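One letter stands for each residue in the lines below.
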Amino acid sequence: MVLVSTENEDGTANLAPISSVFWLGWRAVLGIARSSRTTENLLRTGEAVLNLPSAALAPEVDRLALTTGSDPVPPGKQRRGYFHVGDKFGRAGLTPVASETVGAPRVAECPVAMEVVIEETHPVGASVRAAGVPAGPSGILAVEARVQRVFVHDEIRVADKENHIDPDAWRPLIMSFQQLYGLGPRVHPSTLARIPEERYRGPDIDRARETPAKDGASAA
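Residues numbered from 1 in each chain as written. Predicted model: local features only at pLDDT ≥ 70, side-chain atom pairs only at ≥ 80, totals over all residues. Heavy atoms only, no water.

**Student:** Can you lay out the environment of His153 for me, pointing to particular residues and giving the numbers?
**Tutor:** Turning to its location among the elements, His153 is positioned in the loop between β13 (140–152) and β14 (174–176). Expressed as a C-alpha distance, the spacing of His153 and Ile165, which sit 12 residues apart in the sequence, is 9.6 Å. Residue contacts for His153: discarding those within four places in its chain leaves Ala108, Glu109, Cys110 and Pro111. (Helix = DSSP H or I, 4+ residues; strand = E, 2+ residues; numbered from the N terminus. Contact = heavy atoms within 4.5 Å.)

This is how it looks when you write it as structure tokens:
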């Protein structure tokens, strides 16, 4: 589960929960509806913040259910009972914090927040053909985002290591079949975990370190 914060055209912030996401190194791939306000903002600004809520933030995340920053509400969302909310942070009871490299704010309460820039967008299902007839325009986009800043709460860090998350302390919020769940304890030691993390690191981490903060932004 990810809370995606983006910047609206008027400079205000939008915040939306997304459950379709996976990670490849310092990149994330989001599955998102083409008609959403978040998608509009992503395509216009080319940037966002991916905030990872813990299981303890389930009530706050659930307050964003059936809300949209789009006004008017798109017909498909109207049929599902969505309604417009301008202040998503206020609705959820979460705190915006100024980002270093992007315009959208981070969520202070989320234990992990990643400032990202959009590298590619891919329509999903656009090439599907039925009986030789082209399908209509895809209603879903796969959005590839590159991380350029990571912020982590101290309580989920490994105390004696630099830049390491303690998997026994980190309890992310997970959505499974529309229901909200936490993460249980480790079920078995991992052989892959014996490989030093540095051996997985690609060039994106160097690009992130070289990305300057926006004018006026202070380093955390």
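**Student:** Talk me through the sheet that holds β13; I want residue IDs and the actual numbers.
**Tutor:** Spatial ordering of the open sheet is given by β2-β1-β5-β10-β13-β4-β3, a layout of seven strands whose pairing is antiparallel. Each edge of the open sheet carries a strand with a single partner, namely β2 (13–18) and β3 (21–24). Shown here is a sheet whose adjacent strand axes are inclined to one another by a mean of 30°, direction ignored. Examined bridge by bridge, strand β1 (residues 2–7) and β2 share six bridges and lie antiparallel to one another. Counterpart to Val2 in the pairing with β2 is Ile18. Running at roughly 55° to β1, helix α1 (residues 37–45) makes contact with β1, β2, β4 (27–33), β5 (47–52), β10 (112–124) and β13 of the sheet. (Pairing = 2+ DSSP bridges. Axes fitted to C-alpha atoms, helices over the stretch in contact; angles between N-to-C directions.)

**Student:** For the pattern of salt bridges, give the residues involved together with the corresponding values.
**Tutor:** The final tally for this structure, using the stated rule, is nine salt bridges. Asp204 is paired through a salt bridge with Arg27; the nearest N and O atoms lie 2.6 Å apart. Separated by 177 residues along the polypeptide, Asp204 in helix α5 (residues 204–210) and Arg27 in strand β4 bring together distant segments of the chain. Linked by salt bridges that have partners in common, Arg27, Glu119, Glu144, Arg146, Asp204 and Arg207 make up one network. (Salt bridge = Lys/Arg side-chain N within 4 Å of Asp/Glu carboxyl O.)

**Student:** Residue-level account of the nonpolar core, with values.
**Tutor:** Val4, Leu50, Met114 and Val116 are the most contacted members of the largest nonpolar core, which totals 21 residues. Where this core is concerned, the elements lending two or more residues are β1, β4, β5, β10 and β13. Grouped together as the second largest cluster of nonpolar side chains are 14 residues, Leu15, Ala92, Val107 and Cys110 included. (Core = buried A, V, L, I, M, F, W, Y, C linked by side-chain atoms within 4.5 Å. Buried < 20%, exposed > 50% of the residue type's maximum accessible area, 1.4 Å probe, protein only.)

**Student:** Mind laying out the environment of Gly69, listing which residues take part and the relevant values?
**Tutor:** Looking at the element boundaries, Gly69 is found in the loop between β6 (67–68) and α3 (75–79). On the basis of relative accessible area, Gly69 is assigned to the buried category, the value being 8%. With 21 residues separating them along the chain, Gly69 and Ala48 place their C-alpha atoms 15 Å apart. If we skip the residues at most four places from it in the chain, Gly69 touches Asn14, Arg37, His84, Val85 and Lys88.

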